[in-house]
Amino acid sequence: MDAIPIQPQPAREDLQLFHTLSVLAAAGHPIAELLQLLGQHLGVSSIDILPASAAPPPGTRLVMAPLSHNALYLTLPPDLDAAATAARLSVFIPVFTLATTRSQNVDVSEERDRFEAVLEATNDAIVLLTPAGIVGLVTSQFETFTGIPRHQITGHPVSKLIHLIAAQPNLNTQMVNLFQALTDNWIESLGGEFEITSDFQHRVLVWYSLPVYSQGGSLVGRVFAFRDATHERDVDRMQTEFVALVSHELRTPLTSVKGFSDLILESHFSTLHPDVREYIEIIAINANRIIDLINDILDITRIDSDRVDLKPCRCSLPAIIEQVTNHLEYRFKRHRHTLLLDLQAELPLVWVDQTRLAQVITNLLTNAIKYTLEPGHITVRARFIQTSEQLPPEAPRNQIVPCVMVMVEDSGIGISPEDQQNLFKRFYRTEKSRLIGGIGLGLAIVKAFVEMHGGCVWVKSTVGQGSCFSFSVPLAPQESYRLLPEPEL
Amino acid sequence: MATKRILVAEDEAHILLLIQRMLESAGYAIRATMNGGEALRLAQQEHPDLILLDIMLPEQNGLQICRNIKSEPDAPPIILISALGQQMDVEAGLAAGADDYIIKPFSPRSLIEHVERALRS
């Protein structure tokens with residue numbers, strides 16, 4: 001093979017063809033066609049484009065490289081001068097550089113088509129914002145949700161998108177806000193939910209937005225994704241309404257069952273045959289169990305649908321504890337348990353919803369009553385915790401101090417370490433609780449309510465010795481400060 | 001002291017009988033109705049010392065009756081009795097002017113306690 005001489009001045013007809021081929025290459029004509037035209041022009045026998053690393057086909061007399069990773073391989077008729085042909089050919093190299101890059105671009109756009117098809121199939125409305133603040137990609141679902149044609153925003157600055165959304169009266173201003181707020185933010189991942197009316201349909205849209213980085217760490221842009229959650233929210237709402245309806249309908253007959261059995265026991269107790277008395281007591285106890293069950297199910301449904309309306313106020317914790325223990329007095333008596341109250345004197349006021357906190361204490365005490373062999377001892381303690389050193393070692397690390405800690409301690413059957421792990425999960429029942437009855441919601445409700453107050457709940461237990469459930473509640477705002485005595489001078 | 005007269009409006013016959021018996025055994029005189037419209041008429045004509053109202057009543061519901069009665073001067077105390085036991089239901093009841101709210105089911109003792117408290121105030 002010969003070295004390639006530099007030809008200082010290309011021939012005019014070569015330059016003409018060079019222009020023709022450049023235009024064809026730019027318009028995306030296949031490389032094979034361009035090669036054919038060039039081959040005819042140069043009078044070569046054949047001209048091919050192959051990888052630069054390939055072995056030259058038989059008869060090759062000229063290899064022209066490099067064209068990115070490729071080379072031109074030519075076979076020449078015997079009378080054609082190889083060096084002169086190579087010199088003429090060098091003029092056309094830029095055409096083929098362009099053509100091969102273009103063919104790679106075709107691959108990229110195919111890749112992009114596939115990528116967009118996948119995004120379309122997710123059925124989410126997706127908007128990709130480039131680092132330059134240009135709308136790079138919009139899926140058709142976004143058009144459905146907003147009524148804004150994709151072609152009006154794709155390739156345009158995000159300000160145009162924001163303007164168009166703001167101009168749609170049925171779109172929530174939250175959509176405008178989130179585009180505005182996150183346009184120049186390449187750090188945060190955020191999400192939320194809002195409602196819109198589109199296509200004359202009311203929709204609940206769940207959205208999230210996050211910056212996207214390539215594997216190499218370069219910023220690709222910010223993705224905004226919107227998903228239609230209308231149906232899910234409808235199902236949630238129907239479930240909540242259904243539970244409320246069922247519980248209401250169950251309460252009505254239960255009022256009669258409980259009311260009349262109570263009435264018999266209170267007004268006609270002395271005239272009843274002991275057997276009859278016992279049977280009616282069983283009816284009354286079981287009516288109460290159904291009522292507790294209904295209340296638990298209602299509570300957990302409310303917790304799930306975020307409809308617990310916490311109304312905290314400055315409260316005296318001992319007052320709430322005494323109210324609950326008075327209420328449960330008859331149950332302590334029936335099970336012959338002794339109750340001891342060990343409430344630290346001068347506890348600071350706490351910041352709690354009285355009804356919810358009473359329920360937390362009730363659930364813990366009724367569990368203690370149920371799981372303690374008769375006659376047993378149950379103790380309720382309350383302590384003011386000022387520093388984290390005063391916390392017991394088993395308290396969670398995220399426990400905030402100062403706080404007031406309440407402990408419900410029993411001399412009961414105890415809980416195995418495995419059960420302790422799962423105890424606060426809903427519908428979890430230990431072997432023993434299956435026998436005693438209950439659907440495993442009491443402690444799940446305790447945990448949810450305590451955590452809503454910003455407190456923690458935990459358990460310490462030894463099988464055969466008893467359990468101690470502890471929870472913490474925050475101090476009432478003014479009680480967080482303590483006045484220290486003035487230093488003596 | 002004269003026997004206190006209590007108007008009870010409840011559309012569930014068994015519960016009406018239950019409330020009636022519980023209150024009678026505690027020494028109160030009871031006027032009972034199962035209809036909301038009649039409850040309002042009886043309240044206005046007979047001026048009871050206390051009214052116990054179910055919320056879900058035919059013709060006029062308990063909240064409407066409560067607002068109606070409480071809009072007049074010298075209205076008697078009103079206790080709503082309902083199976084609607086959610087916090088928002090209780091708040092809606094108190095917002096309608098009720099003095100107290102009892103959630104079904106209830107025990108005889110707690111019913112009497114609520115009634116005594118309302119009559120004292």
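Residues numbered from 1 in each chain as written. Chains lettered and ligands numbered in written order. Predicted model: local features only at pLDDT ≥ 70, side-chain atom pairs only at ≥ 80, totals over all residues.

A. Broad picture of helix H1 (residues 13–25) of chain B. Residue and element names in this part refer to chain B. Over its 13 residues, H1 extends 18 Å from the first C-alpha to the last, a length consistent with the 18 Å expected when each residue adds 1.5 Å. Here H1 has its buried residues at Ile15, Leu18, Ile19, Met22 and Leu23. End-on view of H1: buried residues confined to an arc of 120°, all on one side of the axis. Across H1 from its buried face, at more than 90 degrees, point the exposed residues Ala13 and Glu24. (Helix = DSSP H or I, 4+ residues; strand = E, 2+ residues; numbered from the N terminus. Expected span 1.5 Å × (residues − 1). Buried ≥ 20, exposed ≤ 12 C-beta atoms within 10 Å, placed from the backbone. Arc of directions from axis to C-beta.)

B. Structural context of the confidence of the model for chain A. Per-residue confidence for chain A gives a mean pLDDT of 85, with 92% of residues at or over 70. Counted against residues more than four places away or in other chains, residues 1–7 of chain A, with its pLDDT under 50, gives 13 contacts. (pLDDT = per-residue confidence, 0-100. Contact = placed C-beta atoms within 7 Å.)

C. Expanded view of unusual backbone geometry. Each neighbour pair has its own omega, and for A:Val401 with A:Pro402 the value is 0°, a cis peptide bond. On the secondary structure map, A:Pro402 appears in the loop between strand E12 (377–385) and strand E13 (403–410). Even without being glycine, A:Asn123 reaches a positive phi, approximately 70°. Mapping A:Asn123 onto the fold places it in the loop between helix H3 (82–121) and strand E4 (125–129). Although it is not a glycine, B:Asp74 sits at a positive phi angle of roughly 55°. Counting through the fold element by element, B:Asp74 comes out in the loop between helix H3 (62–70) and strand E4 (78–82). Using a count of 5 C-beta atoms within 10 Å as the deciding quantity, one classes B:Asp74 as exposed.

D. A look at the interface of chain A and chain B. The interface of chain A with chain B comprises 15 residues on the first partner and 14 residues on the second. By residue number, the principal contributor to the side of chain A that touches chain B is helix H7 (residues 230–267) of chain A, which donates 13 residues. For the side of chain A that touches chain B, the class distribution of residues is 4 nonpolar, 6 polar and 5 charged. (Nonpolar A, V, L, I, M, F, W, Y, C, P; charged D, E, K, R; others polar.)

E. Region of interest: the sheet that holds strand E10 (residues 338–343) of chain A. Residue and element names in this part refer to chain A. What the 5 strands build is an open sheet, ordered E10-E12-E13-E15-E14; its pairing is mixed. At either end of the open sheet lies a strand with only one pairing partner, and these are E10 and strand E14 (457–462). Taking each pair of neighbouring strands and ignoring which way they run, the sheet shows an average axis angle of 15°. Bridge analysis of E12 against E13 gives 8 bridges, and the strand direction is antiparallel. Bridged to Thr379 within E13 is Glu409. (Pairing = 2+ DSSP bridges. Axes fitted to C-alpha atoms, helices over the stretch in contact; angles between N-to-C directions.)

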